[in-house]
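# Structural features, examined
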Amino acid sequence: MTDSVDLKMLCNEIMDMIKLGFTLDSGLLHFLSSTFSVTTREALEDMKNPGREDDLNLFLELVVSPDLIMMEKLEHLISDKVFSSEDEHELSNTVYKNVARIPVYFPDEPFPISFAVTHETIQLYIKKLRITYTIPGSLLDDMKQWLTEKWKIKTCVQLRQTACPMNKRNESFLSLFFRESSSFGLKYPEHLNLALLIMVCSGEEEDLKEALILRLRSFQKTLEQIRASEGMMKKNTMETLMLQGFRIPPSSPDIIEDNMIMLRRILSSLYGWLDMGDNRVSEIDLGCHESNDSMENVIRLLS
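Small disclaimer: the values here were computed from a predicted structure and weren't measured.

## A look at the overall build of the protein
- When helices and strands are counted, the protein shows 15 helices and five strands.
- Taken over 303 residues, the protein has a buried fraction of 43%.
- For the protein, the share of sequence-separated contacts (at least 6 apart) that also reach a separation of at least 24 residues comes to 74%.
- By element, 53% of the accessible surface of the protein is carried by carbon and sulfur atoms, the whole surface being about 16800 Å².

Below is the structure:
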């Protein structure tokens, strides 16, 4: 169990945040409308009536949930600590005893609707913070050395929320990723998120460089399918294509292209690999460079 002072500070911060309440965003408003036909404040108040407990609990599970802003505010109390499942249980019990009701706001309305919450709802909120996920001290040291405080906080939150397993392969990759963080500029969080998703999806024994290359090729194939579908749609009606069993790939070409650009940047910055456009990634010896700028100049010339 962690230090009682640390636990108390974290508990107080969580209670303060919950007592401030939650504002319904567009996604929650759509969920209310499509699932329960609730579009007004009065209709939401009606969900408190007897017989609608299951609907209300489902709604509150979604609403009483920490967003990224909350997670980042709490991270300074979590990142270098080790919390146990017992700590998590104690937090849930204490918060539940001290936060009997939670205010929920409709957008642009000054007064909230107050809801009583179950212990299970508070437990789920604490679980979503993933405080028991421990970030290795070596990676925290690398973050402190190579990342700004802003990027460090965002990195810790992303590591928790993607549940990235901390094996030797992943720690080694992340250490290198942090060292090369300046290569990703203002899109550092997007590059990290993509890398983490691939790390989580790949097998622990799989070479991570190869996993990144395979995902790049997968994106290329999907993009080709989308381009082909666009051409077919110009020549045929949608009804004809559907009768032929044709399916449009669900991904947006813009998102896929952005992911491909980020993967190429990760591969070149961390491994010195460049995509030569011949359906394989070629390993090129870029020599020794004292700075990222120097390496980027070489990459730019070879691209």
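## Looking at the nonpolar core
- If you look at the biggest cluster of nonpolar residues, it comprises 42 residues, and the most contacted ones within it are Leu10, Ile14, Ile18, Leu24, Leu44, Phe59 and Tyr125.
- Secondary-structure elements contributing two or more residues to this core are helix H1 (4-20), helix H2 (26-36), helix H4 (53-63), helix H5 (68-74), helix H6 (85-98), strand E2 (101-105), strand E3 (113-116) and helix H7 (119-129).
- Here this core takes seven residues from H1, the largest share from any one element.
- Those residues in contact with tyrosine 125 that sit more than four places away from it in its chain are Ile14, Ile18, Phe22, Val64, Ser65, Pro66 and Met70.
- The next biggest cluster of nonpolar side chains, apart from the first, holds 38 residues, and it includes Leu140, Leu147, Ile266 and Leu270.

## A closer look at the environment of tyrosine 133
- Its location among the elements puts tyrosine 133 in the loop between H7 and helix H8 (137-146).
- By relative accessible area, tyrosine 133 is classed as buried at 11%.
- In this structure, the C-alpha to C-alpha distance between tyrosine 133 and phenylalanine 83, residues 50 residues apart in sequence, is 7.9 Å.
- Residue contacts for tyrosine 133: discarding those within four places in its chain leaves Leu159, Arg160, Ala163, Cys164 and Met166.
- Among the polar contacts made by the side chain of tyrosine 133, one reaches the main-chain carbonyl oxygen of cysteine 164 at a distance of 2.4 Å.

## Thoughts on the pairing of E3
- What you see with E3 is a clean split: Ile113 and Phe115 sit on the buried side and Ser114 and Ala116 on the side with no burial.
- The pairing of E2 with E3 spans four bridges and is antiparallel. Across the sheet, valine 104 pairs through a bridge with isoleucine 113, a residue of E3.

## Observations regarding the sheet that holds E3
- Reading across the sheet, the three strands line up as E1-E2-E3 and stay open at both edges, with mixed pairing between neighbours. The open sheet is flanked by strand E1 (22-23) and E3, the only strands paired with a single partner.
- As judged from the two bridges shared by E1 and E2, these two strands associate in the parallel manner. Across the sheet, phenylalanine 22 pairs through a bridge with valine 104, a residue of E2.
- Those strands touched by H1 are E1 and E2, and its axis lies near 50° from that of E2.

## Details of the confidence of the model for the protein
- In the predicted model, the protein carries a mean pLDDT of 86, and 82% of its residues have values of at least 70.
- Segment residues 279-283 is flagged for pLDDT under 50; beyond a separation of four residues in sequence, or across chains, it makes 13 contacts in the model.

## Overview of the pattern of salt bridges
- Scanning all chains against the criterion turns up nine salt bridges.
- The residue arginine 52 makes a salt bridge to aspartate 55 at a minimum N-O spacing of 3.6 Å.
- Judged by relative accessible area, arginine 52 falls into the partly exposed class, the value being 23%.
- In this structure aspartate 55 comes out as partly exposed when scored by relative accessible area, which is 28%.
- Taken together, the shared-partner salt bridges in this structure form one network comprising Arg217, Arg264 and Asp275.

## So, the packing of helix H9 (residues 149-162) against helix H11 (residues 188-201)
- At their nearest, the axes of H9 and H11 sit 10 Å apart, and the two run at 25° to each other. Taken together, the axis directions place H9 and H11 in an arrangement best described as roughly parallel. For the crossing formed where H9 meets H11, the hand is right-handed. Counted together, Trp151, Lys154, Thr155, Gln158, Leu159 and Thr162 of H9 and Tyr188, Pro189, Leu192, Asn193, Leu196 and Val200 of H11 form the full contact between these two elements.
- Its residues placed into classes, the contact of H9 with H11 shows seven nonpolar, four polar and one charged.

Calculation rules
Residues numbered from 1 in each chain as written. Predicted model: local features only at pLDDT ≥ 70, side-chain atom pairs only at ≥ 80, totals over all residues. Heavy atoms only, no water. Helix = DSSP H or I, 4+ residues; strand = E, 2+ residues; numbered from the N terminus. Buried < 20%, exposed > 50% of the residue type's maximum accessible area, 1.4 Å probe, protein only. Contact = heavy atoms within 4.5 Å. Areas by Shrake-Rupley, 256 points an atom, 1.4 Å probe, with all protein chains shown as cover. Core = buried A, V, L, I, M, F, W, Y, C linked by side-chain atoms within 4.5 Å. Polar contact = N/O pair within 3.5 Å; in protein donor to acceptor, adjacent residues only side chain to side chain. Pairing = 2+ DSSP bridges. Axes fitted to C-alpha atoms, helices over the stretch in contact; angles between N-to-C directions. pLDDT = per-residue confidence, 0-100. Salt bridge = Lys/Arg side-chain N within 4 Å of Asp/Glu carboxyl O. Parallel < 35°, antiparallel > 145°, perpendicular 65-115°, else oblique. Left-handed = near helix turned anticlockwise from the far one by under 90°. Nonpolar A, V, L, I, M, F, W, Y, C, P; charged D, E, K, R; others polar.

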